[in-house]
Amino acid sequence: MMDDQRVQTELDGQIDAALRAIGSVAPAAGMEGRILTRLAEARSGADQPVRSTHRVFRFMVPLAGIASASLVCGVIVVASVNHSHRPHPGMVAPPPILEMQGGVGAASAVHPAPPASAAPVPAGPAARGRSTHKTAQHGRARIAPHAKRAPGVALPATPAGSPQ
Amino acid sequence: MSAFEGQLAGWMTAAPVAKSVDKSQTIAQLVAEYSTTLYRVAFSVTRNAAEAEDAVQETFVRVLKHESRLDEIRDYRVWLVRIVWNVVLDRKRRAKTRPENEDVADYARTLPSGERNADDVAISSQEHARILALVDRLPSREREALLLSAVQELTTAEIAAMLHTTESSIRSRIFRARRELAVLLEKEGIQR
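In this text, all values refer to a predicted model and were calculated from it rather than measured experimentally.

### Examining the overall build of chain B
For step 1, the next point in the chain: Counting its regular elements, chain B contains 9 helices and 0 strands.
For step 2, the next point in the chain: Helices and strands in chain B line up, N terminus first, as α-α-α-α-α-α-α-α-α.
For step 3, the next point in the chain: Relative to its full complement of 192 residues, chain B shows a buried share of 34%.

### Brief notes about the overall build of chain A
For step 1, the next point in the chain: Each helix and strand counted, chain A has 3 helices and 2 strands in total.
For step 2, the next point in the chain: Ordered by position from the N terminus, the helices and strands of chain A form the series α-α-α-β-β.
For step 3, the next point in the chain: Burial status across chain A gives 7% buried among its 164 residues.

### Topic: the packing of helix 7 (residues 140-150) of chain B against helix 9 (residues 167-188) of chain B
All names here are of chain B.
For step 1, the next point in the chain: It is the contact of helix 7 with helix 9, at a shortest axis distance of 8 Å, that shows an interaxial angle of 100°. Here helix 7 is positioned roughly perpendicular relative to helix 9, judged by the angle of their axes. Taken together, the residues of helix 9 that come into contact with helix 7 (itself represented by Arg141, Glu142, Arg143, Ala145, Leu146 and Ser149) are Ile170, Arg173, Ile174, Arg176, Ala177 and Glu180.
For step 2, the next point in the chain: Looking at side-chain class alone, the contact of helix 7 with helix 9 contains 5 nonpolar, 1 polar and 6 charged residues.

### Examining the interface of chain B and chain A
For step 1, the next point in the chain: With 32 residues of chain B in contact, the opposing surface of chain A contributes 24 residues.
For step 2, the next point in the chain: Elements represented by at least two residues in the side of chain B that touches chain A include exactly helix 2 (23-46), helix 3 (49-65), helix 6 (118-135) and helix 9 of chain B.
For step 3, the next point in the chain: For the side of chain B that touches chain A, the leading source of residues is helix 2 of chain B, giving 10 residues.

### With respect to helix 3 of chain B
For step 1, the next point in the chain: With 17 residues, helix 3 of chain B extends 25 Å between its outermost C-alpha atoms, agreeing within 8% with the 24 Å of an ideal straight helix rising 1.5 Å per residue.
For step 2, the next point in the chain: Every buried residue of helix 3 of chain B is listed here: B:Ala49, B:Ala52, B:Glu53, B:Ala55, B:Val56, B:Gln57, B:Thr59, B:Phe60 and B:Val63.

### Considerations on the environment of B:Thr46
For step 1, the next point in the chain: Following the sequence through the fold, B:Thr46 ends up in helix 2.
For step 2, the next point in the chain: Separated by 42 residues in the primary sequence, B:Thr46 and B:Val88 place their C-alpha atoms 7.1 Å from one another.

### Describing the packing of helix 3 of chain B against helix 4 (residues 76-95) of chain B
Residue and element names in this part refer to chain B.
For step 1, the next point in the chain: Contact pair helix 3 / helix 4: the axes reach a minimum separation of 9 Å and the direction vectors enclose 125°. Classified by the angle their axes make, helix 3 and helix 4 are oblique. Like other packed secondary-structure pairs, helix 3 and helix 4 cross with a definite hand, here right-handed. Contacts between helix 3 and helix 4 pair Ala55, Val56, Glu58, Thr59 and Arg62 from the former with Leu80, Ile83, Val84, Val87, Val88 and Arg91 from the latter.
For step 2, the next point in the chain: A breakdown of the residues in the contact of helix 3 with helix 4 according to their chemical character gives 7 nonpolar, 1 polar and 3 charged.

### Some details on helix 7 of chain B
For step 1, the next point in the chain: With respect to burial, helix 7 of chain B is a largely interior element, 8 of its 11 residues being buried.
For step 2, the next point in the chain: Those residues of helix 7 of chain B that fall on the buried side of the exposure criterion are B:Glu142, B:Glu144, B:Ala145, B:Leu146, B:Leu147, B:Leu148, B:Ser149 and B:Ala150.

### A short note on the nonpolar core
For step 1, the next point in the chain: Membership of the largest hydrophobic core comes to 53 residues, with the highest contact counts inside it found for A:Ile22, B:Leu38, B:Ala42, B:Val56, B:Leu80, B:Val81 and B:Val84.
For step 2, the next point in the chain: Counting residues per element, this core draws most heavily on helix 2 of chain B, which supplies 9 residues.
For step 3, the next point in the chain: Discounting chain neighbours no more than four positions away, the residues touching B:Val56 are A:Ile35, B:Ser35, B:Leu38, B:Tyr39, B:Ala42 and B:Val84.

### Considerations on the confidence of the model for chain B
All names here are of chain B.
For step 1, the next point in the chain: Here chain B averages 79 in pLDDT, and 71% of its residues register 70 or above.
For step 2, the next point in the chain: The element-level mean pLDDT for chain B is lowest in helix 5 (residues 104-110), coming to 53, with helix 3 highest at 92.
For step 3, the next point in the chain: Of the regions scoring below 50 in pLDDT, residues 13-20 engages in 6 contacts with residues more than four places distant in sequence or in other chains.
For step 4, the next point in the chain: Interface confidence in the predicted complex, given as ipTM, is 0.72; pTM for the same model is 0.57.

### Topic: unusual backbone geometry
Residue and element names in this part refer to chain B.
For step 1, the next point in the chain: The backbone of Arg47 shows a phi angle near 60°, a positive value even though the residue is not glycine.
For step 2, the next point in the chain: Within the secondary structure, Arg47 is located in the loop between helix 2 and helix 3.
For step 3, the next point in the chain: In the Ramachandran plot, His164 falls in the positive-phi region, its phi being about 55° despite a non-glycine side chain.
For step 4, the next point in the chain: On the secondary structure map, His164 appears in the loop between helix 8 (156-162) and helix 9.
For step 5, the next point in the chain: Since 9 C-beta atoms lie within 10 Å of it, His164 is described here as exposed.

Cut-offs used in this document
- Residues numbered from 1 in each chain as written.
- Chains lettered and ligands numbered in written order.
- Predicted model: local features only at pLDDT ≥ 70, side-chain atom pairs only at ≥ 80, totals over all residues.
- Helix = DSSP H or I, 4+ residues; strand = E, 2+ residues; numbered from the N terminus.
- Buried ≥ 20, exposed ≤ 12 C-beta atoms within 10 Å, placed from the backbone.
- Axes fitted to C-alpha atoms, helices over the stretch in contact; angles between N-to-C directions.
- Parallel < 35°, antiparallel > 145°, perpendicular 65-115°, else oblique.
- Contact = placed C-beta atoms within 7 Å.
- Nonpolar A, V, L, I, M, F, W, Y, C, P; charged D, E, K, R; others polar.
- Expected span 1.5 Å × (residues − 1).
- Left-handed = near helix turned anticlockwise from the far one by under 90°.
- Core = buried A, V, L, I, M, F, W, Y, C linked by C-beta atoms within 7 Å.
- pLDDT = per-residue confidence, 0-100.

Here is the structure:
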């Protein structure tokens, strides 16, 4: 118990001594003079007029910034307009629009081009439909006797008198 | 508003003091009266004589930039200590180095020697440097309170005003710091 108190007292004494030492340091001789000298230098530096080059530079920097920003904006706008006017290679041209001379209203101002003839065109003798069903008589499908068939599918036998 | 102007606003009185201050003489008077105190505050953090003096010079340069508002300051000492404290903490943060002085001879030169001989001074300086290295391992709030309490000119009320807290908080921080420091000293087994 006494040892603990003694140790604690010694530790406190060491801490106090270290703190006292750091709290009572003395600056090097002549510090006040050096501070005043530096203050005088700072004051004279602050009192000096701004040089003309500095003044010009101060005005030129924002102007140069504005000019370069305007240039960039202009380039962006011109490039955007050019890009929107160029047709896409895969795009089909729209049908021509016939502008009527002497239209009265807005609805009659523009009319699509009329077809060459409104009457239906009759089919010629050689004309045929888009597809032709090759069927046998009576509308039934004809299957060749040696036709390849899928395994397991039964086919009815062809009647003997039926045409091939 | 800059950080310095914020500090300035914090230490201004609500109404300007009646006493008119001659600004051309004021800063010189402030240097004569408070430079040693500011040096001690700076040295408690930097542990380096040259850096501490440079911090004091920078403090007065900052004051010079705002000398037109000097007559509005309520308490010059606390205001100046606050500025130099911020200066040294900023520098420490920028340097990212531990605030210790490896040059024992330089450290011993700055400490008051009294009647002791050179060997005693060097040995005690080494012991102090080791203890102060342990101080740097304390939590920041406790460390700041302990270091500022070491500066003899500063009262607990002034430290509390500087750190924006109460006197009782400062006292408890100092108590905790000393207790933790004693534990660290025992662990390190510093020569007793």
